[in-house]
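# Summary of the model geometry
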Amino acid sequence: MDKHIDNFINYLIVERGLSPNTIESYSRDLRKFADYLDREGITDLLAGVDSVVVISFTMSLRKQGLSSKTTGRNLSAIRMFFRFLAREGTVSADPTVNIETPRNRAHLPTVLNLSDVDALLAQPDRTTPRGLRDKAMLEVLYATGVRVSELVALTMENLNLQVGYLVTFGKGSKERVVPLGEAAVDCVNEYITHGRPLLLKENNSRFVFLNGSGKGLTRQGFWKIIRRYALKAGIDKKLSPHTLRHSFATHLLENGADLRSVQMMLGHADISTTQIYTHLTQERLKNIHLQYHPRA
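Quick summary incoming for the structure in this document. (Residues numbered from 1 in each chain as written. Predicted model: local features only at pLDDT ≥ 70, side-chain atom pairs only at ≥ 80, totals over all residues. Heavy atoms only, no water.)

## Observations regarding the overall build of the protein chain
A tally of regular secondary structure across the protein chain gives 14 helices and 3 strands. With respect to the principal axes defined by its C-alpha atoms, the protein chain has extents near 65 × 65 × 35 Å. Here the protein chain holds 296 residues, and 44% of them are scored as buried. A separation threshold of at least 6 residues defines the contact pool for the protein chain, and within that pool the share at least 24 residues apart is 61%. (Helix = DSSP H or I, 4+ residues; strand = E, 2+ residues; numbered from the N terminus. Buried < 20%, exposed > 50% of the residue type's maximum accessible area, 1.4 Å probe, protein only. Contact = heavy atoms within 4.5 Å.)

Take a look at the structure:
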């Protein structure tokens, strides 16, 4: 089993060019499935794994309290794995063919209102190098809607402050160009001029946003930063770097942006992924109607 998983992961890296995070997710889910097969005493992929085994595995995940979304992701990994094995001639049939993916309950992401955004962006202390960095990162995140992984991976050569855009590489290493906006450009310029050199010290780094050692900031590091500022701003919502991405998209649509443009800026391969934000704007309109209409 381990050999087949390794071959599949190599295929995803070399031929499919998937992102490291996606590769890690597939690998983790398949190892979990392999552990389940070991516990069940199943060693033969050809004869031992059928649809009943796969369904039993997904049921075991639900019994552990995992969500439909997580269970569906595991099933998706197994489905891709067996399609690969069938194409390679390792198995004669795909046991996942007639298995339905668990339905996800509709879940609307958390979005900040404009006053919360303003409060959050006002928190960093711009008299310190780290404060300048944090202010620039928050402004870029809200101005562009990039993922936190794209933000911390941003390099100097992919930043054009004269024209006002950045180049980023999303899922599957797909390149896209996203406008920055005047406020973000000003804050990044201030950080690069007055903050970044003091963080860089004697080091040499391509990354725009650096930690105290002059190296690239991590996703986990920025997660802690944004949570700290949220507490200082008195924001009681569950907040993560992705919250600003959700807020970016929702506020654009609320102010008249078309869905296709928002899709391009977010780097969504499928516009149906972007459509979740139209539900958010509809929810907001319903709430306003309930709050202010005299007969609501």
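The rest of the description comes next.
## Looking at the side chain of Ser205
By secondary structure assignment, the location of Ser205 is in the loop between α9 (182–200) and α10 (219–232). Its relative accessible area of 14% is what places Ser205 among the buried residues. A distance of 3.2 Å separates the side chain of Ser205 from the backbone nitrogen of Phe207, its partner in a polar contact. Ignoring sequence-local partners within four residues, the contact set of Ser205 consists of Arg196, Leu200, Leu210 and Gly214. (Polar contact = N/O pair within 3.5 Å; in protein donor to acceptor, adjacent residues only side chain to side chain.)

## Quick look at the nonpolar core
With 49 residues, the main nonpolar core has Leu120, Phe209 and Phe222 as its most contacted residues. Contributing elements (two or more residues each) for this core: α6 (114–121), α7 (129–144), α8 (148–152), α9, α10, α11 (241–254) and α12 (259–266). Aside from chain neighbours lying at most four places away, what touches Phe209 is Arg133, Ala136, Met137, Val140, Leu151, Leu154, Tyr191, Lys215, Gly216 and Leu217. One finds Phe8, Leu75, Ala77 and Ile78 within the second-largest nonpolar core, a separate group that totals 29 residues. (Core = buried A, V, L, I, M, F, W, Y, C linked by side-chain atoms within 4.5 Å.)

## Concerning the pairing of strand β3 (residues 175–179)
Residues of β3 alternate between two faces, with Arg176 and Val178 buried on one and Glu175, Val177 and Pro179 left unburied on the opposite face. As judged from the 5 bridges shared by strand β2 (residues 165–169) and β3, these two strands associate in the antiparallel manner. Bridge pairing in β3 places Tyr165 opposite Pro179. The turn joining β2 and β3, which pair antiparallel and follow one another in sequence, is formed by 5 residues; a positive phi near 75° is taken by Gly172. (Pairing = 2+ DSSP bridges.)

## What to know about the pairing of β2
The pairing of strand β1 (residues 159–160) with β2 spans 2 bridges and is antiparallel. Bridging from a neighbouring strand, Leu159 pairs with Leu166 of β2.

## Concerning the packing of helix α2 (residues 20–39) against helix α5 (residues 68–88)
Packing of α2 against α5 leaves a shortest axis separation of 9 Å and a crossing angle of 90°. As judged from the angle between their axes, α2 and α5 are roughly perpendicular. Every residue of α5 that contacts α2 at Ser25, Tyr26, Arg28, Asp29, Leu30, Lys32 and Phe33 is listed here: Arg73, Asn74, Ser76, Ala77, Ile78, Met80, Phe81 and Phe82. (Axes fitted to C-alpha atoms, helices over the stretch in contact; angles between N-to-C directions. Parallel < 35°, antiparallel > 145°, perpendicular 65-115°, else oblique.)

## Some remarks on α6
Taken together, the buried positions of α6 are occupied by Asp116, Val117, Leu120 and Leu121. Seen end-on, α6 carries its buried residues on one side only, within an arc spanning 130°. Facing away from the buried side of α6 by over 90 degrees, the exposed positions are Leu114 and Asp118. Lining the buried residues of α6 we find α7, α10 and α11. (Arc of directions from axis to C-beta.)

## A word on the packing of aromatic side chains
Counted under the stated rule, the structure contains 9 aromatic pairs. Pairing Phe8 with Phe81 gives two aromatic rings, centres 5.6 Å apart and planes at 70°, and the pair type is edge-to-face. With Phe8 in helix α1 (residues 2–16) and Phe81 in helix α5, the pair connects residues that are 73 residues apart, well separated along the chain. In this structure, Phe8 and Phe81 share a single accessibility class: buried. Ring-pair connections join several aromatic residues into one group, and the members of that group are Phe8, Tyr11, Tyr26, Phe81, Phe82 and Phe84. Positioned above the aromatic ring of Tyr229, the side-chain terminus of Arg228 is 5.1 Å from the ring centre. (Phe/Tyr/Trp six-rings, centres within 6.5 Å; stacked < 30°, edge-to-face > 60°. Lys NZ or Arg CZ within 6 Å of the ring centre and 35° of its normal.)

## A word on the sheet that holds β3
Reading across from one edge, β1-β2-β3 is the order of the 3 strands in this open sheet, with antiparallel pairing throughout. Only two strands of the sheet have a single partner each, and these edge strands are β1 and β3.

Don't take any of this as a statement about function, it's just geometry.
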